[in-house]
Each structure stands twice: as C-alpha cells, then as structure tokens.
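Letter by letter, the chains look like this.
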Amino acid sequence: MAILLIGAAITKSFGARPLFENLSVSISEGERTGLIGPNGSGKTTLLEILAGREEPDSGVRALRKLTRLAYVPQDSIFAPGDTVGSVLAAALAGLPLEPQERTARQEMMLGRAGFESAATPAASLSGGWRKRLAIAAALVTEPDVLLLDEPTNHLDLDSILWLENALLAANACMVVTHDRYFLENVATQMMEVNRIYPQSAFQVAGNYSEFLERRADFLEAQAKRQDSLETKVKREVEWLRRGPKARTGKSRARIDSAGRLIEELADVTARSRTSTAQIDFTASDRKTKRLIEAKGISKTLGGRKLFQDLDLVLAPGVRVGLVGANGSGKTTLLKILEGEIAPDEGSVRCADKLQIVSFAQDRHAYLDPELSLRRTLCPEGDSVMYRGRPTHVAGWAKRFLFLDEQLEMPMARFSGGERARAMIARLMLSTADVLLLDEPTNDLDIPTLEVLEDSLLEFPGAIVLVSHDRYLLDRVSTVVVGLDGGNGETFADYSQWESSRIESPTQKSPDKQPRPPTPDDGPKRKLAYLEQREWDAMEEKILEAEHELAAWHREMQESGPDAKRLTEAYERMQQAQKVVEKLYARWAELEAKVAK
C-alpha cells in the first residue's frame, strides 16, 4: 500500500506544556485510522498539522504529489446565505471537472446524504444535519485522504450508520472519535496519542478490540520494565553511596551506566503517571416509588407530531435511554419532564420537592465563554460545597484534571472535552433525585466516558439519557425508548431497538460492546533452558532495538524536504517500532512464567 501522508518526528507545545514529542504517523491507501487520546493530548492539533493548517514546532509533514486531501473540523460553520447546494458546489469548485460531471456528483451526494432539497438554507439545519453537510462536502470531492475531527458529535444514530458506510468505501481516512462502536466497526488501524508512550503515541493494526488487547500487553510489559529498572537503580544507588573511585575504566563505565539507568527510570516513571476525572453525582437517596410520571403526553412542533399518548414512569434505579432520529423530540421530551415546556396533551406529575439536575446539549447556554474557569466552577468566594463540605475551588478543579494555571483562563480557550468536564463539575455540586442528560458524552475522552458510565450505574435515582454513544446506551440503560412519531416503543437495550429497525438482512447491525482483553488462564510453567537463555538476553535486545528506533527517528528529523528519504526512514522506523513492541510482549510472557 502506497503511503499518502506522513507526519515524521512531530513535536508541538502550547506555551510550556508539550502536547507530543517526536510523534510519527502515516496514512496509506486502504487504511482507516481511528485516533483517540485523553482530552488535551493534542488530537485536533495533530489533525490540523496533517491537514496542513498548522505548523509543528519541529518535524516534517509530507503529502504525496497529486494527492487530494479533505478535512472536516469539529465545528461545522457556514457563511450566511449558504444553501446545501451552494456548499456542495463550493467544495467542487476547485476540481477540474466538466459541468455535467460536477452537477452529477452534487445530485448524487444530495441523495446519498439524505438531503431533500439543494435549496435548503444551511442556517436552518440542526446541528446534526450541519455536521452531515460538512461531511458530504468533503466526500463529494472524492478525496484520496479524508481527515475528520469528532464527526459523530451531534449526529443521530441513523447518521452515524450512514457515516460508517461512507467511510468503509473511502480510499483512506483518519478519524478522531471516542465512539467505541464506531471504532469497532470502521477502523483498520488504531492510534492513541498519550504521553504515557515513548514518542507520544501507540499504534496498532486492527480495530478497537484488538487495540485494547495490544495496549494492555504493552502497558503490562512497560510496567514490568519499570519494576526491573527500579530494582537495578536501587542496587546501583547503593553501590554509588559506598563511594566507588572512578580510577578504572570499569568503575567509570558502571557510574555512567547507573546514570543512564536513573534517567531511563525517571522517563518511564513520568510517562506512567495517569489520572482520570472523579465523577460522582450527589443523590438524595429518596425512596419515593414514582419520581416523575408522564401519562398520555403528546407534542407537536412546526406542524409535525413528535410523539403522542406517551407514558413514562421514572423511579429510583430506572435509567431510560432515549433514541431516535434528529428532530424526533428527544430534547423536547426532556424539557417536558423538567417542566420547562408543557405537553400539548396529557399530564406530567412530579414528586413533592423533586430535585432535578439537567445537562443540556447546548453548553454555550450554561457556560459563559468570557467567564474564567474559577468563576464557572465557583461563582463567589474560593470554595464550593460538595455533599455538605467545603472544598477549595483549586482542589475541585484538580478532581476534573484541570491545572492551577488554568483557573484564570476564560472558558472560550478550553477544548470541547474540557468544557464538558466543567459542566459535569458544576452539576455534581447539586443534589439530585433525577438526572436528565442530553448528549453528555460529546467531546469526552474514553477514560472520562468510562468514569461517567460507572458513576451513572452507581447513581441510585432515576436517569433519562439522550446519547448517540451506542456503547454507553447498551451499558447504562435499563430500558430504551424509541421516538418515531408514535407513543414511544420500549426496548430492552439499544441493540434490540436497532435490530427492530433493520429492513434489509445485508444491513450491518452494531456488534456488542468491544471485548476487553482477558488474561490467559492456561497453566504456566517455569522457563525451559532455551527460554532462560532468551530471558537472560532480553534486556540487551530491547536496549539495542530502542537504539535502532531512536536512530531512525533522528534520520527522519534530518531528512528535511527529501520525500524519498523521509518515506524510507519512516518505513524503517515502523519496522523498528514493531520489533520493540514484539520484544516487550515476549518479555512480559517470559516474566509471567518466571513469576508463576
């Protein structure tokens, strides 16, 4: 497969904070790369560097000649007066096409993307349909390489399935997303940007499940390497404390070796430090059997019936997942349950002094972009009250992975994931009987999603959840309600709802949740003679392989604009990286036998 796009030995920092260092990545024909990583790790920045929109501090970005590239950013912004047709026409304007081919492509994309009319104003589209239009404008150019940043945000479940099918037919793409089912169904390569890895990233051939298994093996081997280094450093430090005299070459060599071991341990230890947000909603522990009861409610907006004769009872422990197309009334139903708007027909009864905490999809309505993080979390004073106890705002911010120096930053400077964490931090200060959550997962990284899921599973009150995250819906919901203009049919889980809508047997149904890596429970034995010899030589082999990897990194840095030299160096670096990973995995395997 020909390499279309390379980022070699890329380093990028914001102020004094490095995002990634010596990171290398490539996109080849036929590859669909899923790009993940913690919020703030630099995924969007990396994508913009690969798209040619931003320059790295160091390193090289190279696009093969005559390669067409399209980039879809997180926010879908169109000019006043734009229509669906004009956006697609503008995307095709720079291509050398005959007028009839240009028209044919535009009309074909209108049909594939599900737009009824080219004359529809872009400003009138919902967030999900604006996102679909931005993706369609990229696809209509038939790019060789497609880069997408959080494309599933604001898309409904039908649109996500449409996007999955579109990407399966793409020539090559890289997608930043935290939708685990999406990664499972689409990705042929996985890459995580994270400073816990050497060269700031870890890459695996395969989908999300395979990535989980390989990452677990790598991190286990890295942890064993850290343990081994700690033992060696302790021994060398004790020797150094005895005051050896560096008169002989052997003593000087051992002192130098001890210094290198200490530096390597410091590097591995720094990389291994990880943290996740601490999410724990405050529940009232109210035992009322019926917190909210909706009977026969109906609602029509713009002459269109959203739902009718819908019954819904929320009791402690009930977690309802609301699903349906964009515009089916999910957000409207949340507002009715909260009492913000009234139903056209039917009634909603709430328990006395009911405490509802809601998470709105439109975060701009809740977060003032000019307000600092400090005042967003703590409008007055320097402490917040959590479960009856005061907590300093700096400590509260740290719980959600914010740094002290970020307290005075305006919210406009934070990423989407950071703004989502700030909203959750505010919501957790309120005691709740019922949580009404409208797309809370947008922009959150996978570690934070997992913590959020655990918190929702432990919440004893009632939850109504609107989300496009199929994994979360399947894991959290006790019942799923599908809105389709009727009275809201009930399903056991998301997968059952999706199966009920499949008309063609060839349509792919989302798989069950990705299988996590499982330990090998088979019997283990002590090392045989040849294995012992392999074990004894393993650390030296790893050291040699890492030196080889570093050498090819340097070669890429020195290649400059020489595309041929850069491509060859990158391929050799990839081979060296695979050797390192294979050695680490083998070391972990032998270590397990030794420890048995």
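Note: the structure precedes this text.
The model shown is predicted, which means the values in this text are computed figures rather than measured ones.

Calculation criteria
- Residues numbered from 1 in each chain as written.
- Predicted model: local features only at pLDDT ≥ 70, side-chain atom pairs only at ≥ 80, totals over all residues.
- Heavy atoms only, no water.
- Helix = DSSP H or I, 4+ residues; strand = E, 2+ residues; numbered from the N terminus.
- Buried < 20%, exposed > 50% of the residue type's maximum accessible area, 1.4 Å probe, protein only.
- Contact = heavy atoms within 4.5 Å.
- Areas by Shrake-Rupley, 256 points an atom, 1.4 Å probe, with all protein chains shown as cover.
- Phe/Tyr/Trp six-rings, centres within 6.5 Å; stacked < 30°, edge-to-face > 60°.
- Polar contact = N/O pair within 3.5 Å; in protein donor to acceptor, adjacent residues only side chain to side chain.
- Expected span 1.5 Å × (residues − 1).
- Pairing = 2+ DSSP bridges.
- Right-handed = clockwise from strand over helix to strand, strands pointing away.
- Axes fitted to C-alpha atoms, helices over the stretch in contact; angles between N-to-C directions.
- 1 Å grid on protein atoms, 1.4 Å probe; cavity = no way out; pocket = protein on both sides within 12 Å on 5 of 7 lines; lining within 4 Å.
- Points joined across faces, edges and corners; volume = space filled by probe spheres on them.
- Nonpolar A, V, L, I, M, F, W, Y, C, P; charged D, E, K, R; others polar.
- Core = buried A, V, L, I, M, F, W, Y, C linked by side-chain atoms within 4.5 Å.
- Salt bridge = Lys/Arg side-chain N within 4 Å of Asp/Glu carboxyl O.

Caption draft 1: Inspection of the overall build of the protein chain at higher detail. The number of helices and strands found in the protein chain is 18 helices and 22 strands. Each of the 596 residues in the protein chain was classed as buried or not, and the buried ones make up 49%. A separation threshold of at least 6 residues defines the contact pool for the protein chain, and within that pool the share at least 24 residues apart is 70%. Counting only carbon and sulfur atoms, one obtains 49% of the accessible surface of the protein chain, whose full area is about 28,300 Å².

Caption draft 2: Structural context of the packing of aromatic side chains. Applying the stated criterion to the full structure yields eleven aromatic pairs. Residues Tyr-208 and Phe-211 carry aromatic rings whose centres are separated by 6.4 Å and whose planes lie at 25° to one another, so their mutual orientation is stacked. Pair noted here: Tyr-208 and Phe-211 are both in helix α7 (residues 208-241), with a separation of three residues, about one helical turn. For Phe-211, a relative accessible area of 0% gives the class buried. For the pair Trp-396 and Phe-400, a centre-to-centre distance of 5.3 Å together with 65° between the ring planes defines the contact as edge-to-face. Assigned by exposure class, Trp-396 and Phe-400 land together as buried.

Caption draft 3: Structural context of the environment of Glu-54. When you line up the elements, Glu-54 lands in the loop between α1 (43-50) and β4 (58-63). Setting aside anything within four residues of it in sequence, one finds Glu-54 in contact with Lys-12, Phe-14, Thr-45, Glu-48 and Ile-49. Polar contacts involving the side chain of Glu-54 include one to the side chain of Lys-12, which spans 3.3 Å.

Caption draft 4: Here's a closer look at the environment of Leu-310. Along the chain, Leu-310 turns up in strand β12 (residues 304-314). Here the alpha-carbon distance between Leu-310 and Gly-296, two residues 14 residues apart in the chain, equals 4.8 Å. Look past the residues within four positions of Leu-310 in its chain and what remains in contact with it is Ala-294, Lys-295, Gly-296, Ile-297, Leu-333, Leu-483, Asn-487 and Gly-488.

Caption draft 5: Layout of helix α4 (residues 127-139). Over its 13 residues, α4 extends 19 Å from the first C-alpha to the last, a length consistent with the 18 Å expected when each residue adds 1.5 Å. Burial analysis of α4 places ten of its 13 residues in the buried class, which makes it a mostly covered element. Within the sequence span of α4, burial applies to Gly-128, Lys-131, Arg-132, Leu-133, Ala-134, Ile-135, Ala-136, Ala-137, Ala-138 and Leu-139. Turning to α4, the residues buried within the fold contact β5 (69-72), α2 (84-92), α3 (99-113), β6 (145-149) and α5 (157-168).

Caption draft 6: Up close: the pairing of strand β7 (residues 173-176). The two faces of β7 match: Cys-173 and Val-175 on one face and Met-174 and Val-176 on the other face are all buried. As paired elements, strand β3 (residues 32-36) and β7 share four bridges and run parallel to each other. Residue Gly-34 lies in a different strand from β7, and its bridge partner there is Val-175. Pairing analysis gives four bridges linking β6 to β7, with the strands arranged parallel. Along β7, the bridge assignment pairs Leu-147 with Met-174. For the crossover from β6 across α5 to β7, the handedness is right-handed.

Caption draft 7: Molecular detail of the side chain of Thr-376. Topologically, Thr-376 is positioned in helix α10 (residues 373-377). Not counting the four nearest positions on each side in its chain, Thr-376 is found in contact with Leu-367, Leu-371, Met-411 and Arg-426.

Caption draft 8: Spotlight on the sheet that holds β5. Strand order in the open sheet formed by six strands is β5-β6-β7-β3-β8-β9, and the pairing between neighbours is mixed. The sheet is open, and its two borders are formed by β5 and β9 (201-205), each paired with just one other strand. On average, each strand axis in the sheet is tilted by 15° relative to the strand beside it, whichever way the strands run.

Caption draft 9: Layout of the side chain of Asn-39. Here Asn-39 lies in the loop between β3 and α1. Of note is the side chain of Asn-39, whose polar atom sits 2.9 Å from the backbone oxygen of Asp-443. Here Asn-39 is in contact with His-178, Gly-417, Arg-421, Asp-443, Leu-444 and Asp-445, once residues within four sequence places are set aside.

Caption draft 10: Representation of empty space enclosed by the protein within the structure. For the structure shown, the criterion picks out four cavities of 30 Å³ or more. Put simply, the largest cavity is a space of about 80 Å³. Forming the boundary of the largest cavity are Glu-150, Thr-152, Asn-153, Thr-177, His-178, Asp-179, Thr-441, Asp-443, Leu-444, Leu-449, His-468 and Asp-469. Residues belonging to the lining of the largest cavity are distributed by class as follows: two nonpolar, six polar and four charged. In this structure, the second largest cavity occupies an estimated 50 Å³ of space.

Caption draft 11: Examining unusual backbone geometry more closely. Within the chain, Glu-150 stands out as a residue other than glycine whose phi angle is a positive 50°. By the secondary structure assignment, Glu-150 is in the loop between β6 and α5. Phi is positive for His-154, which is not a glycine, with a value near 75°. Mapped onto the secondary structure, His-154 falls in the loop between β6 and α5.

Caption draft 12: Spotlight on the nonpolar core. Leu-88, Leu-146, Leu-167, Ile-279, Phe-281, Phe-400 and Leu-435 are the most contacted members of the largest nonpolar core, which has 83 residues in total. The residues touching Leu-167, leaving out its near neighbours within four places in the chain, are Arg-32, Leu-146, Leu-148, Cys-173, Val-175, Phe-182 and Val-186. Ile-6, Phe-218, Ala-221 and Ala-569 belong to the second-largest nonpolar core, a separate cluster that totals 32 residues.

Caption draft 13: How the structure looks around the pattern of salt bridges. If you walk through the whole model with that rule in mind, you get 19 salt bridges. Between Glu-29 and Arg-64 there is a salt bridge, with the nearest N and O atoms lying 3.6 Å from each other. Of the two residues, Glu-29 sits in the loop between β2 (17-28) and β3 while Arg-64 sits in the loop between β4 and β5, which places them 35 residues apart along the sequence. Its relative accessible area of 30% is what places Glu-29 among the partly exposed residues. Classification of Arg-64 as partly exposed rests on a relative accessible area of 40%. A salt bridge links Arg-475 to Asp-454; its shortest N-O distance comes to 2.6 Å. Here Asp-454 lies in helix α13 (residues 446-458) and Arg-475 lies in helix α14 (residues 470-476), a separation of 21 residues in the sequence. Here the salt bridges do not stand alone but share partners, grouping Arg-180, Glu-453, Asp-454, Asp-469 and Arg-475 into one network.

Caption draft 14: A look at α13. Spanning 13 residues, α13 covers 19 Å between terminal C-alpha atoms, matching the ideal 18 Å at 1.5 Å per step. Turning to α13, its buried residues number three or more, namely Ile-446, Thr-448, Leu-449, Val-451, Leu-452, Glu-453, Ser-455 and Leu-456.

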